[in-house]
Amino acid sequence: MSEQERLMRRINAYRFASWELHIFLDTHPGDCKAAKQLEEYRRMADDLTAQYEAAYGPMNQSSSNTSRWAWIADPWPWDVNEGGTK
Amino acid sequence: MWEYQKHLQYPINIKNTNPKLAQLIIAQYGGPDGEMAASLRYLSQRFGMPYPELKAILTDIGTEELAHLEMVGTIVHQLTRNLTEAQIKEGGFDAYFVNHTNGVYPSDSSGMPFTAAYLQVKGDPITDIHEDLAAEQKARSTYDNILRFTDDPDVRDPIKFLREREVVHYQRFGETKRTTGIHGDITKGVPPARYAFLYYCTMSFYD
């Protein structure tokens with residue numbers, strides 16, 4: 001696994017854990033511990049995403065450094081290997 | 001409103017094509033217990049839900065199902081890319097190929113096109129949540145069946161991830177039955193003795 005793939009794997013793991021906590025909070029809206037953990041995981045995902053984009057280029061449309069033209073670039077998720085290499 | 005993120009929820013990188021397997025897995029794209037039916041079911045049921053927890057969970061799980069639809073489409077696509085004419089014939093993919101070439105069309109594993117008849121929107125929170133609990137288990141069974149037909153770790157890994165999500169969604173839907181609003185609906189007008197029995201059946205079952 002390349003350095004890029006490793007970083008991508010970590011970002012996706014934090015994103016997924018954040019999502020899991022998000023839907024957990026839908027049915028446990030009073031759980032402060034889960035809410036705190038969600039905040040922490042989101043921050044980790046954001047920090048690592050900034051690191052990734054600095055090194056390998058834009059990831060999402062919503063990222064501040066993404067132009068419309070970078071957005072349309074191949075590869076798209078169904079063609080892509082983990083880490084963005086085709 | 002939705003925002004697309006240009007990555008899969010779980011990585012998929014299938015090295016070996018397998019058109020026969022793709023035709024089985026497409027069941028979870030456009031089949032009766034597939035991700036398209038799941039997403040449409042939850043996102044449509046939202047509008048009739050009176051309680052905040054239910055509006056939230058149907059919105060969020062309905063959204064996640066769209067990410068799963070993308071994953072199943074990706075698996076089908078990667079199992080059928082760069083096929084030779086011989087592979088198309090040998091894999092029994094010719095009938096599909098004539099209709100759709102290498103496109104991913106929402107159908108079940110026997111080619112039956114997707115229909116909204118696979119899902120229900122009853123507008124009754126108890127009825128709809130029970131349909132959703134059943135839907136998650138039917139999808140889980142389908143993934144179990146798919147896993148019987150392949151040894152390829154590149155396919156098994158994401159399919160196991162999708163199977164696990166069905167179990168988690170089932171749990172979240174079950175938990176909504178404890179939330180104040182729907183719990184009141186379930187027990188409304190139920191005589192005390194029967195209530196004790198019903199309470200035991202529904203509540204402990206979803207623990």
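- In the annotation of an unreviewed UniProt entry, chain B is listed under the name Manganese catalase family protein and assigned to Caproiciproducens faecalis.
- As recorded by UniProt, the Sequence similarities (unreviewed entry) comment attached to chain B reads in full: "Belongs to the manganese catalase family."

- In the annotation of an unreviewed UniProt entry, the entry for chain A reads Spore coat protein CotJB, and the organism field reads Caproiciproducens faecalis.

## As for the overall build of chain B
Item 1. Secondary structure assignment for chain B yields 10 helices and 0 strands.
Item 2. When the helices and strands of chain B are read in sequence order from the N terminus, they spell out α-α-α-α-α-α-α-α-α-α.
Item 3. The proportion of buried residues among the 207 residues of chain B is 48%.
Item 4. Contacts in chain B between residues at least 24 apart in sequence constitute 77% of all its contacts with a sequence separation of at least 6.
Item 5. Approximately 10,000 Å² of chain B is accessible, and the part contributed by carbon and sulfur atoms is 57%.

## What about the interface of chain B and chain A?
Item 1. On the side of chain A, 26 residues touch chain B, which itself brings 27 residues to the contact.
Item 2. Summing the contributions of chain B and of chain A, the shared interface buries around 2,300 Å²; its carbon and sulfur component is 55%.
Item 3. Counting across the chain B and chain A interface gives 1 salt bridge.
Item 4. Applying the counting rule to chain B against chain A returns 7 residue pairs in polar contact (both at pLDDT 80 or more).
Item 5. The set of elements that each furnish at least two residues to the side of chain B that touches chain A consists of α4 (52-80) and α8 (153-175) of chain B.
Item 6. Counting residues per element, the side of chain B that touches chain A draws most heavily on α4 of chain B, at 9 residues.
Item 7. Residue composition of the side of chain B that touches chain A, by class: 8 nonpolar, 9 polar and 10 charged.

## Considering the packing of helix α3 (residues 35-45) of chain B against α4 of chain B
All names here are of chain B.
Item 1. Interhelical geometry of α3 versus α4 gives an angle of 160 degrees and a closest axis separation of 8 Å. As judged from the angle between their axes, α3 and α4 are roughly antiparallel. When you trace α3 past α4, the crossing you get is left-handed. Contacts between α3 and α4 involve E35, M36, A38, S39, Y42, L43 and Q45 from the first element and L58, T59, I61, G62, T63, E65, L66, H68, L69 and V72 from the second.
Item 2. Residues of the contact of α3 with α4, tallied by class, amount to 9 nonpolar, 6 polar and 2 charged.

## Looking at the packing of aromatic side chains
Item 1. Applying the stated criterion across every chain yields a total of 9 aromatic pairs over all chains.
Item 2. Pairing W76 of chain A with Y4 of chain B gives two aromatic rings, centres 6.3 Å apart and planes at 25 degrees, and the pair type is stacked. With W76 of chain A in the segment after α3 (68-71) and Y4 of chain B in the segment before α1 (19-25), this pair bridges two chains.
Item 3. W76 of chain A sits in the buried class, given a relative accessible area of 18%.
Item 4. For Y4 of chain B, a relative accessible area of 32% corresponds to the partly exposed category.
Item 5. On the basis of an interplanar angle of 25 degrees and a centroid distance of 5.0 Å, the ring pair of F93 of chain B and Y96 of chain B is categorised as stacked. Of the two residues examined, F93 of chain B and Y96 of chain B, each falls in the buried class.
Item 6. When the ring centre of W76 of chain A is taken as origin, the NZ or CZ atom of K6 of chain B, which lies over that ring, is 4.3 Å away.

Each value, and the rule that gives it
- Residues numbered from 1 in each chain as written.
- Chains lettered and ligands numbered in written order.
- Predicted model: local features only at pLDDT ≥ 70, side-chain atom pairs only at ≥ 80, totals over all residues.
- Heavy atoms only, no water.
- UniProt positions renumbered as here; feature names shortened; annotations may be inferred.
- Helix = DSSP H or I, 4+ residues; strand = E, 2+ residues; numbered from the N terminus.
- Buried < 20%, exposed > 50% of the residue type's maximum accessible area, 1.4 Å probe, protein only.
- Contact = heavy atoms within 4.5 Å.
- Areas by Shrake-Rupley, 256 points an atom, 1.4 Å probe, with all protein chains shown as cover.
- Buried area = accessible area lost by both parts, 1.4 Å probe.
- Salt bridge = Lys/Arg side-chain N within 4 Å of Asp/Glu carboxyl O.
- Polar contact = N/O pair within 3.5 Å; in protein donor to acceptor, adjacent residues only side chain to side chain.
- Nonpolar A, V, L, I, M, F, W, Y, C, P; charged D, E, K, R; others polar.
- Axes fitted to C-alpha atoms, helices over the stretch in contact; angles between N-to-C directions.
- Parallel < 35°, antiparallel > 145°, perpendicular 65-115°, else oblique.
- Left-handed = near helix turned anticlockwise from the far one by under 90°.
- Phe/Tyr/Trp six-rings, centres within 6.5 Å; stacked < 30°, edge-to-face > 60°.
- Lys NZ or Arg CZ within 6 Å of the ring centre and 35° of its normal.

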